[in-house]
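Each chain, written out:
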Amino acid sequence: MTNPASMRPAMGALLQSCRAGAHIRPSSLPSSSLNPSLQHTAAISTTSSLLKRHNYKGARDNSDKNKTRGESAIRQTGTRWKLSVSDDPLPQPVKPEHIPAQVTDPNHGLWDFFFDRKTVAQPPTEDAKHGRGWMVEELRQKSWDDLHRLWWVCVKERNRIATANWERTKSQLGYGKAEATARDVEVRRTMRAIKHVLTERFYTWEDAVKLAETDPEVNLTGNGEAYTPTEYLEEQHLSEEEPVPEEEEGAKKEAGAATLDPAALPESKTQGEAPRL
Amino acid sequence: MQPTRVLQGLRYRKLRLTTKDVNKGFYKGSGTGTVGRHTKHGGFVIEWEKVRSYVCPPLEGFKLTPFVAATVPKVYGQFSDAQGPRNPETYLARWKSENALD
């Protein structure tokens, strides 16, 4: 690249200074001014009047008003004059190879937002591998704890699907929205069924409490047993008619309890573990 | 900016008010409920008892997934009467047989 004319010392001035006996270092030559190690132009020891082109009385001011003409950071020209910090070494940026790798926790909870740690979204063939949502009848058998945890499993699955959708559009991964939507629909069906079961259970419980208030077997006051079966009540009624000493009453109570063996009660149906898909 | 010609004139008056309508004094909520109360100086005080917090239970060792295998047949509940699952007598009887006695 040719030197801009402003960077070269004026040739007339050079000749003048030669005649005047000034010493001009070789570094004042134009080719060296682009050398980054010689960041400034050479000093010319001559008078400013000799540097002027038009030197007669009343001559127009031909000076270059731009003191930073030719300075370019992009082209790394350096400054026109030496600065007080010109000799200070600049800090060098760390090369990418030497930057230490970011340490991440492989067990961090946020990883649960991704199907795949590298690609975030999973291919639609994998997305399509799901069953149907839970039915209300299947969930009616589940306890509160199971339903609560299943709800949050569904929430996390929906978060994963939503993150994958966002990443799929952002990174233009391609098709897969339809399969993701179908998967999301089944998860939402499960969540709807959970809400249905819990609401139904609560309303039925409210009605059952109202009914139990009129039930002689049930004691809702909180003092004593909540449930005393009729067989036991009949025995107590008989014992009230014939005054019986306390030990016999206690024996009869045990007999009454023994007739209702908890082991013989119908077991509540619990669903076996669902095969993991 | 103007609304479309369809909404200009008297048509807009027949539509339901939104939160953006009317100058001042008209407040329309959006169904999210309140989390505190306003102070007489114009501020707002949060009542933390009203603030919702969602608790996620520990999910370690939980085996259920959001899906059921497609091979599992869909079995609808069978009930003795029209009330079906909402029958309080059934609920009470089941409670007595399963849960009432220790």
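Residues numbered from 1 in each chain as written. Chains lettered and ligands numbered in written order. Predicted model: local features only at pLDDT ≥ 70, side-chain atom pairs only at ≥ 80, totals over all residues. Heavy atoms only, no water.

The name given to chain B in an unreviewed UniProt entry is Mitochondrial ribosomal protein L27-domain-containing protein, with the source organism recorded as Bombardia bombarda. In its Subcellular location (unreviewed entry) section, UniProt records this for chain B: "Mitochondrion". What UniProt records for chain B under Sequence similarities (unreviewed entry) is the sentence "Belongs to the mitochondrion-specific ribosomal protein mL41 family." (UniProt positions renumbered as here; feature names shortened; annotations may be inferred.)

You'll find chain A entered in an unreviewed UniProt entry as Large ribosomal subunit protein uL29m, with Bombardia bombarda given as the organism. The UniProt entry for chain A carries the following comment under Subcellular location (unreviewed entry): "Mitochondrion".

It is worth spelling out the interface of chain B and chain A at this point. The interface is formed by 36 residues belonging to chain B together with 44 residues belonging to chain A. A combined buried area of about 3,900 Å² lies between chain B and chain A, and 70% of that area is made up of carbon and sulfur atoms. Looking only at chain B, the three residues that lose the most surface to chain A are B:Leu64, B:Pro66 and B:Phe67, adding up to 18% of its buried area. Inspection of the region where chain B meets chain A yields 3 salt bridges. The partner of B:Arg86 in a salt bridge is A:Asp207, and the shortest N-O contact between them spans 3.1 Å. (Contact = heavy atoms within 4.5 Å. Buried area = accessible area lost by both parts, 1.4 Å probe. Salt bridge = Lys/Arg side-chain N within 4 Å of Asp/Glu carboxyl O.)

What follows concerns the environment of A:Gly174. All names here are of chain A. Along the polypeptide, Gly174 turns up in the loop between helix H5 (144-170) and helix H6 (177-212). Residue classification places Gly174 among the partly exposed positions, given a relative accessible area of 46%. With 51 residues separating them along the chain, Gly174 and Pro123 place their C-alpha atoms 9.4 Å apart. (Helix = DSSP H or I, 4+ residues; strand = E, 2+ residues; numbered from the N terminus. Buried < 20%, exposed > 50% of the residue type's maximum accessible area, 1.4 Å probe, protein only.)

All names here are of chain A. One can describe the packing of H5 onto H6 by two numbers: an axis separation of 10 Å at closest approach and a directional angle of 155°. The orientation of H5 with respect to H6, classified from their angle, is roughly antiparallel. The crossing of H5 and H6 is left-handed. Grouping the constituent residues of the contact of H5 with H6 by class yields 13 nonpolar, 2 polar and 9 charged. (Axes fitted to C-alpha atoms, helices over the stretch in contact; angles between N-to-C directions. Parallel < 35°, antiparallel > 145°, perpendicular 65-115°, else oblique. Left-handed = near helix turned anticlockwise from the far one by under 90°. Nonpolar A, V, L, I, M, F, W, Y, C, P; charged D, E, K, R; others polar.)

Here the focus is the packing of aromatic side chains. Residues and elements named next belong to chain A. Under the criterion given, the structure shown has 4 aromatic pairs over all chains. An angle of 55° between the planes, with centres 6.3 Å apart, marks the rings of Phe202 and Tyr203 as tilted. Relative accessible area serves as the criterion here: at 42%, Phe202 is assigned to the partly exposed category. Taking relative accessible area as the criterion, Tyr203 reaches 40% and is therefore assigned partly exposed. Three or more aromatic residues joined by ring pairs form one cluster here, namely Phe202, Tyr203 and Trp205. (Phe/Tyr/Trp six-rings, centres within 6.5 Å; stacked < 30°, edge-to-face > 60°.)

Residues and elements named next belong to chain A. Judged by side-chain polarity, Phe202, Tyr203 and Trp205 come together as a nonpolar surface patch covering roughly 330 Å² of accessible area. With respect to the helices and strands, Trp205 occurs in helix H6. Trp205 sits in the partly exposed class, given a relative accessible area of 43%. (Patch = residues over 30% accessible without salt bridge, like charges linked within 9 Å, V, L, I, M, F, W, Y side chains within 5 Å. Areas by Shrake-Rupley, 256 points an atom, 1.4 Å probe, with all protein chains shown as cover.)

All names here are of chain A. Mapped onto the elements of the fold, Asp64 is located in the loop between helix H2 (48-51) and helix H3 (124-127). The exposure class of Asp64 is partly exposed, given its relative accessible area of 34%. There is a polar contact of 2.7 Å between the side chain of Asp64 and the side chain of Arg69. (Polar contact = N/O pair within 3.5 Å; in protein donor to acceptor, adjacent residues only side chain to side chain.)

Since there are 3.6 residues in each turn of an α-helix, residues three or four apart along the chain are aligned in direction. By the burial criterion, the buried members of helix H1 (residues 88-98) of chain B are B:Pro88, B:Leu92 and B:Lys96. What you see down the axis of H1(B) is that its buried residues fit within an arc of 75°, all on one side. Close packing links the buried residues of H1(B) with H6 of chain A. Two or three places before B:Glu89, at the opening of H1(B), B:Asn87 has a side-chain oxygen 3.2 Å from that residue's backbone nitrogen. (Arc of directions from axis to C-beta.)

All right, on to unusual backbone geometry then. A negative phi angle is the norm for most residues apart from glycine, just as the trans form is the norm for most peptide bonds. All names here are of chain A. A positive phi angle, close to 65°, is found at Val120, a residue other than glycine. On the secondary structure map, Val120 appears in the loop between H2 and H3. Judged by relative accessible area, which is 12%, Val120 ranks as buried.

Moving on to the side chain of A:Thr77. Tracing the chain through its elements places A:Thr77 in the loop between H2 and H3. A distance of 2.7 Å separates a polar side-chain atom of A:Thr77 from the backbone nitrogen of A:Ser72.

With that out of the way, let us pick up H5(A). Compared with an ideal rise of 1.5 Å per residue, which puts 27 residues at 39 Å, H5(A) spans 39 Å between its outermost C-alpha atoms and is within 8% of the ideal. A positive phi of about 50° marks A:Gln172, the residue just after H5(A). (Expected span 1.5 Å × (residues − 1).)

Residues A:Trp134, A:Leu139, A:Leu150 and A:Val187 are the most contacted members of the largest nonpolar core, which totals 19 residues. Among the secondary structure elements, those contributing two or more residues to this core are H5 and H6 of chain A together with strand S3 (67-68) of chain B. With 7 residues, H5(A) is the largest single contributor of residues to this core. (Core = buried A, V, L, I, M, F, W, Y, C linked by side-chain atoms within 4.5 Å.)

A separate point is the pattern of salt bridges. Residue and element names in this part refer to chain A. This model, assessed by the stated rule, comprises 21 salt bridges over all chains. Two residues, Arg132 and Glu138, come together in a salt bridge whose shortest N-O distance is 2.6 Å. In this structure, Arg132 and Glu138 share a single accessibility class: buried.

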